[in-house]
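Structure at a glance
Single-letter residue listing:
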Amino acid sequence: MKAKLVLENGLIFEGISFGAAGETLGEVVFNTSLTGYQEILTDPSYCGQIVTMTYPMIGNYGVNLEDFESEKPFVRGFIVKEYFDAYSNWRANESLSDYLQKYNIVGIQGIDTRMLTRVIRDEGAMRGIISSVDMDDESLKKKVLASPKMIGLDLAQEVTTAKTYYWSEKSNSPLSLKSNFNIDDTGSFHVVVYDFGIKRNILRRLAYYGCNLTVVPAKTSWKEVLELKPDGIFLSNGPGDPKPVTYAIENIKNLIGKKPIFGICLGHQLMGLALGGKTFKLKFGHRGGNHPVKNLISNTIEITSQNHGFAVDLKSFNKDMELTHLNLNDQTVEGFRHKSLSISSVQYHPEASPGPHDSDYLFHDFIEMMRKERG
C-alpha cells in the first residue's frame, strides 16, 4: 500500500505503508541510534512526535516482551528507510509491523531518510503527516498546517500515570561504574518519583541502587509528596514544552530545600525553570545514543543517550546554579547543580535503554545526596 509523508515546508515523500493503515500528525524528528527501536517507540518522551530512524534497516530483530519502556508505544508515527519483516532473534515474539498495527501506529518505509534528516538539520524539526488513506498533496498540506506546534504543548498530562503506584523491579544486571559500591551499604531510601513520562529502566536503576519507589502523577501537590516522607524526590523525563507545565514548576519550587532532588530530561528543564532559569527550543533536538558530553566536575567525557527538543538556557543561570555537564556538539547545557542545596539534574538519559552506560554513576550520586542528608 502506498503512503505519503508531507512536511509543513511543503516537501513530499512517497513511500510504502507498514504498521497500521491510516493517517497521523506530529512533529517530525530523527534518532541516530543503531539499535533500540523498541525502546524508542515506547519512550513516553516521544509523545506527539513522528520519529525517523537514520539507521537504514529497521525491524530485523522483531519485538520482544522484555524491552518495553512503558505499557504501549507513544510515538505518533514511524519513518524508516527499509522495513525488514522477516525478523530473526531468539527473544522476539512478533514483528515490528504487527506490533505497530496492534496499537494503531502508522509507519512509512522506502523513503530517503538521509535526505529527510538533512532537511530537518537544515530547517529544524517541523510538523508533518503520514497518510496511506489520503494521497491528495494539497489536502495533506492543509492538515499539517492546521495541526498544533510543539511549542506551548503540555504533553506530560497525556503520558503520566493516572494513580500512585509502587515499584520494586530491579534491572537484570549491575551497570554501575562505581566498582566499590555495595548496595547493602546504602540502607533503604524512599524516593517519590514524579511521573512526567517515566521510562521503566529509570525505575529499575533506582531500585537496583536500593531505593523504594513511590510513583505519583504529574499534578501531585508538593504537600502530598512530603506527606509520603521521602528521603529524596526524582523528576522524570517526559515530552513536550516544559514552560506550560506550570503546576510541576510550582510544586518543585515548594520542594526546593526540603529534600534532595534529582531530575533528568523534562525533569531537568522543569528544575531549571523552578530555579529561575529559562528554556528554549532546539533547532532539531538531540536524539540518539552517541552524544558526547563533558563532565566539568570530573573533567571526563561521557557518551550519552539523549532524547529532547528543549534545553535550559545557560545565559539564564543565576548565582545558585552551577553548570556541571556540557554538550560538546553545540555547547548547550547538559547538567547543573545547586551550589548549596542537594539538587542536581541532567538533560540526557543515564539509564540508557537504548544507549551507553557511561552515566549510570548519576544514580549512585543521587544515593549519596540522600545518604548525606540523612546523616
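Relevant structure appears above.
Residues numbered from 1 in each chain as written. Predicted model: local features only at pLDDT ≥ 70, side-chain atom pairs only at ≥ 80, totals over all residues. Heavy atoms only, no water.

With respect to the secondary-structure elements, Ser 97 resides in helix α2 (residues 96-102). Using a relative accessible area of 8% as the deciding quantity, one classes Ser 97 as buried. Within the structure, Ser 97 has its side chain in polar contact with the backbone nitrogen of Gly 19 (distance 3.0 Å). Filtering out sequence-adjacent residues up to four positions away, Ser 97 remains in contact with Phe 18, Gly 19, Tyr 83 and Asp 85. (Helix = DSSP H or I, 4+ residues; strand = E, 2+ residues; numbered from the N terminus. Buried < 20%, exposed > 50% of the residue type's maximum accessible area, 1.4 Å probe, protein only. Polar contact = N/O pair within 3.5 Å; in protein donor to acceptor, adjacent residues only side chain to side chain. Contact = heavy atoms within 4.5 Å.)

For the structure shown, the criterion picks out 17 salt bridges. Between Arg 127 and Glu 8 there is a salt bridge; the shortest N-O distance is 3.2 Å. Of the two residues, Arg 127 sits in strand β9 (residues 126-131) while Glu 8 sits in the loop between β1 (2-7) and β2 (12-19), which places them 119 residues apart along the sequence. Exposure remark for Arg 127: the relative accessible area of 9% places this residue in the buried category. A salt bridge links Asp 231 to Arg 374, with the nearest nitrogen and oxygen atoms 3.3 Å apart. Of the two residues, Asp 231 sits in the loop between α7 (222-227) and β13 (232-235) while Arg 374 sits in helix α10 (residues 361-374), which places them 143 residues apart along the sequence. Asp 231 gets classed as partly exposed once you look at its relative accessible area, which sits at 23%. In this structure, a network of salt bridges that share partners links the residues Glu 23, Asp 134 and Lys 143. (Salt bridge = Lys/Arg side-chain N within 4 Å of Asp/Glu carboxyl O.)

The subject of this paragraph is unusual backbone geometry. A cis amide bond links Ser 353 to the next residue, Pro 354, at an omega of 0 degrees. Take Pro 354: it is sitting in the loop between β19 (343-346) and α10. The backbone of Lys 229 shows a phi angle near 55 degrees, a positive value even though the residue is not glycine. Along the polypeptide, Lys 229 turns up in the loop between α7 and β13. One non-glycine residue, Ala 352, lies in positive phi territory at about 60 degrees. The topology assignment puts Ala 352 in the loop between β19 and α10.

What follows is about helix α3 (residues 113-123). Taken residue by residue, α3 has Thr 113, Leu 116, Thr 117, Val 119 and Ile 120 as its buried positions. Within α3, the buried residues cover an arc of 160 degrees as seen down the axis, which keeps them to one side. For α3, exposure combined with an orientation more than 90 degrees from the buried face picks out Arg 114, Arg 118 and Asp 122. The opening residue of α3, the one whose side-chain oxygen lies 3.2 Å from the backbone nitrogen of Arg 114, is Asp 112. A positive phi of about 100 degrees marks Gly 124, the residue just after α3. (Arc of directions from axis to C-beta.)

We now examine the packing of aromatic side chains. A full pass over the atoms with the stated rule returns 12 aromatic pairs. Relative to Phe 262, the ring of Phe 234 has its centre 5.6 Å away and its plane inclined at 65 degrees; by these criteria the two rings are edge-to-face. Here the residue Phe 234 occupies a position in strand β13, and Phe 262 occupies one in strand β14 (residues 261-264), the gap between them amounting to 28 residues. The residues Phe 234 and Phe 262 share a single accessibility class, namely buried. An aromatic cluster is defined as three or more aromatic residues linked by ring pairs; in this entry it consists of Tyr 208, Tyr 209, Phe 234, Phe 262, Phe 363 and Phe 366. (Phe/Tyr/Trp six-rings, centres within 6.5 Å; stacked < 30°, edge-to-face > 60°.)

A word on the pairing of β2. Across five bridges, the pairing between β1 and β2 is antiparallel. From the neighbouring strand, Lys 4 faces β2, where its bridge partner is Glu 14. Between β1 and the antiparallel strand that follows it, β2, lie four residues; Gly 10 among them carries a positive phi value of about 95 degrees. In this sheet, strand β8 (residues 106-109) lies alongside β2 in antiparallel orientation, the contact comprising four bridges. Bridge pairing links Gly 19 to Val 106 in β8. (Pairing = 2+ DSSP bridges.)

Let's shift gears to the packing of helix α8 (residues 246-255) against helix α9 (residues 266-274). Across the interface, α8 lies against α9 with an axial gap of 9 Å and an inter-helix angle of 65 degrees. Put simply, α8 runs roughly perpendicular to α9. Where α8 crosses over α9, the handedness of that crossing is right-handed. Contacts from Ala 248, Ile 249, Ile 252 and Lys 253 of α8 reach α9 at Leu 270, Met 271, Leu 273 and Ala 274. (Axes fitted to C-alpha atoms, helices over the stretch in contact; angles between N-to-C directions. Parallel < 35°, antiparallel > 145°, perpendicular 65-115°, else oblique. Left-handed = near helix turned anticlockwise from the far one by under 90°.)

Before going further, it helps to spend a moment on the nonpolar core. Leu 5, Phe 78, Ile 79, Leu 96 and Leu 116 are the most contacted members of the largest nonpolar core, which totals 37 residues. Discounting chain neighbours no more than four positions away, the residues touching Leu 96 are Phe 18, Tyr 37, Leu 41, Ile 58, Gly 59, Gly 62, Val 63, Phe 78 and Tyr 83. Residues Ala 156, Tyr 247, Ile 256 and Met 321 belong to the second largest nonpolar core, which totals 31 residues. (Core = buried A, V, L, I, M, F, W, Y, C linked by side-chain atoms within 4.5 Å.)

Inspection of the secondary structure puts Asn 290 in strand β15 (residues 279-295). Here Asn 290 falls in the partly exposed class, since its relative accessible area comes to 48%. Asn 290 has contacts with Thr 32, Ile 303 and Thr 304, leaving out every residue within four places of it along the chain.

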